[in-house]
Amino acid sequence: MMRRKYLNHSLILGLLVACSLGAATCTSNRQKDTRQIPCDSQATNATDSLLQVLASDCGTKTRFGHQDDTLYGHQWWNQEGRSDVLETTGHYPAVFGWELGGIEHGDSCSLDSVSFDDIRRQIILADLRGGINTISWHLDNPLNGHSSWDKTNNTVQAILNDSTVQTKFRTWLGRLATFFTSLKRDDGTLVPILFRPFHEHSGNWFWWGSPYCTPQEYKSLWKLTQKILKSAHVHNLLYIYSPDNVPDNRTYFERYPGDDLVDVLGLDDYHRGGADGVADYTERTTKRLKMMAKEAYQRQKIYVFSETGSESLPMTNWYTQVLTPILRETYPAYVLVWRNAYNIPTHFFAPYKGNASEKDFKKFAEQKNIIMGK
Ligand code: BMA
């Protein structure tokens, strides 16, 4: 059941009007509240269940997530069972983010030098503990082999129309599909994954960014990707659409591939500028999340704060004084903060043992509407 703390007045009014028009409308509204339908009609039972679990809390509670949490942390690397979040709060995160950039080449290690075998093992372990897994993919540019930050214009167009580039892209997706279908539990069922392809497309830093392809091309890329993954028998994914900061609601949906191709409305938006940036960050993310909550309800979807954080945590009370008030307005199904890099001391978003924000973070994690893992 998708309970909503956040329902704006116009929506309530709309529902009242709809109900007054006849019982059939009311029934369908009631049905609308009770069950989410994955956009992949062949989604596995576990994938369907994951969607229902997320929907049951969306709007009233938020799960806490951290990127690469158990692979490495602030100044440590690959130590079994370790997690900066566990060491500071006493709990693992409820949601684990992982990154597959590099898998497209058949490499054994990711762009962050992590072995894909280790990532697979950590995903399966997290799932076993009752955690939820989400995956991003900073894939290279198939047009020229440069990184995902390569800004060559028309790469998306080339994938769609140039058979050589498309063949390469299909091979890359084949390797990604092999990884997804290798995520097996002991009983042989597949671990469900929240997949977030071509993220932050409203920005100008990735080759799939808005200056380098038309909205139609972006949507076609999404559609093609999903079609190829499905034809490679990948049915353990929920798909997240995750623009970065956008100026208005129209731009948020400008490249939306459609309700039949998306399960989750996401938002990637970081707090920059410390104390001076609080007002701006709070205002824009709250506004956008409210819009997403309303749209998600109407489209029978869920919404998440798919990436955020304040790098190096210059404000030691960021978690309780900046993030919490934002979450409280809409309670997205989860919030995920980015990684604590083992080799870049300033590149961290969750406090670690001994960090000045540790106490504040523990307080954040103890709130009754914040869900942590085990
Ligand atoms: C970025 C940074 C990079 C990293 C990339 C993919 O935001 O953290 O250092 O390579 O994500 O994980």
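Details of the structure are given in the entry above.
Residues numbered from 1 in each chain as written. Predicted model: local features only at pLDDT ≥ 70, side-chain atom pairs only at ≥ 80, totals over all residues. Heavy atoms only, no water.

**Examining the overall build of the chain**
Per the secondary structure count, the chain includes 12 helices and 12 strands. Over its C-alpha atoms, taken along the principal directions, the chain stretches across nearly 60 × 55 × 45 Å. Across the 374 residues that make up the chain, the buried fraction comes to 59%. Looking at the chain alone, contacts between residues at least 24 apart form 74% of all its contacts between residues at least 6 apart. For the chain, the accessible area works out to roughly 15,000 Å², and carbon and sulfur atoms hold 52% of it. For the chain, the distance from the average site of its 41 positive side-chain charges to the average site of its 41 negative ones is 6 Å. (Helix = DSSP H or I, 4+ residues; strand = E, 2+ residues; numbered from the N terminus. Buried < 20%, exposed > 50% of the residue type's maximum accessible area, 1.4 Å probe, protein only. Contact = heavy atoms within 4.5 Å. Areas by Shrake-Rupley, 256 points an atom, 1.4 Å probe, with all protein chains shown as cover. Lys, Arg positive; Asp, Glu negative; His and termini not counted. Charge placed at Lys NZ, Arg CZ, Asp CG, Glu CD.)

**Points about the pattern of salt bridges**
Applying the stated rule across the entire model yields 18 salt bridges. Across the pair Asp48 and Arg35 runs a salt bridge, and its minimum N-O distance is 2.5 Å. Note that Asp48 is positioned in helix α3 (residues 45-57) and Arg35 in the loop between α2 (23-34) and α3, a separation of 13 residues in sequence. Take Asp48: its relative accessible area is 17%, and that puts it in the buried class. Residue classification places Arg35 among the partly exposed positions, given a relative accessible area of 43%. (Salt bridge = Lys/Arg side-chain N within 4 Å of Asp/Glu carboxyl O.)

**Comments concerning the packing of aromatic side chains**
Overall, the coordinates contain 30 aromatic pairs when judged by the stated rule. A ring pair is formed by Phe116 and Phe179, whose centres lie 6.4 Å apart and whose planes are at 70°; its orientation type is edge-to-face. Of this pair, Phe116 sits in helix α5 (residues 116-128) while Phe179 sits in helix α7 (residues 163-180), and the two are 63 residues apart along the sequence. Both rings, one in Tyr270 and one in Phe349, keep their centres 5.6 Å apart while their planes meet at 65°; by these two values the pair is edge-to-face. Here Phe349 lies in the loop between β11 (334-337) and α12 (358-365) and Tyr270 lies in the loop between β8 (264-265) and α10 (278-299), a separation of 79 residues in the sequence. Taken together, the ring pairs in this structure connect Phe64, Tyr281, Trp318, Tyr319, Phe361 and Phe364 into an aromatic cluster. One residue, Arg129, lies across the ring of Tyr92, its end atom 3.9 Å from the ring centre. (Phe/Tyr/Trp six-rings, centres within 6.5 Å; stacked < 30°, edge-to-face > 60°. Lys NZ or Arg CZ within 6 Å of the ring centre and 35° of its normal.)

**Things to note about the packing of α7 against helix α8 (residues 215-231)**
Two elements in contact, α7 and α8, have axes whose closest approach is 10 Å; the angle formed by their N-to-C orientations is 50°. In terms of orientation, α7 lies oblique with respect to α8. The hand of the α7/α8 crossing is right-handed. Listed contacts from α8 to Gln166, Phe169, Arg170, Leu173, Leu176 and Ala177 of α7 are Leu221, Leu224, Thr225, Ile228 and Leu229. Classifying every residue of the contact of α7 with α8 gives 8 nonpolar, 2 polar and 1 charged. (Axes fitted to C-alpha atoms, helices over the stretch in contact; angles between N-to-C directions. Parallel < 35°, antiparallel > 145°, perpendicular 65-115°, else oblique. Left-handed = near helix turned anticlockwise from the far one by under 90°. Nonpolar A, V, L, I, M, F, W, Y, C, P; charged D, E, K, R; others polar.)

**Re the site of the ligand**
Residues in contact with the ligand, as listed here, are Glu99, Asp112, His138, Trp149, Trp338, Arg339 and His347. Here Asp112 contributes a side-chain N or O atom positioned 2.5 Å from an oxygen atom of the ligand. The protein chains hide 75% of the 310 Å² of surface that the ligand would expose on its own. Taking a 2 Å distance to the grid points as the criterion, the majority of the atoms of the ligand fall inside the largest pocket. Counted by class, the shell around the ligand contains 2 nonpolar, 2 polar and 3 charged residues. (Near = heavy atom within 4 Å. Polar contact = N/O pair within 3.5 Å; in protein donor to acceptor, adjacent residues only side chain to side chain. 1 Å grid on protein atoms, 1.4 Å probe; cavity = no way out; pocket = protein on both sides within 12 Å on 5 of 7 lines; lining within 4 Å. Sits in = over half its atoms within 2 Å of the grid points.)

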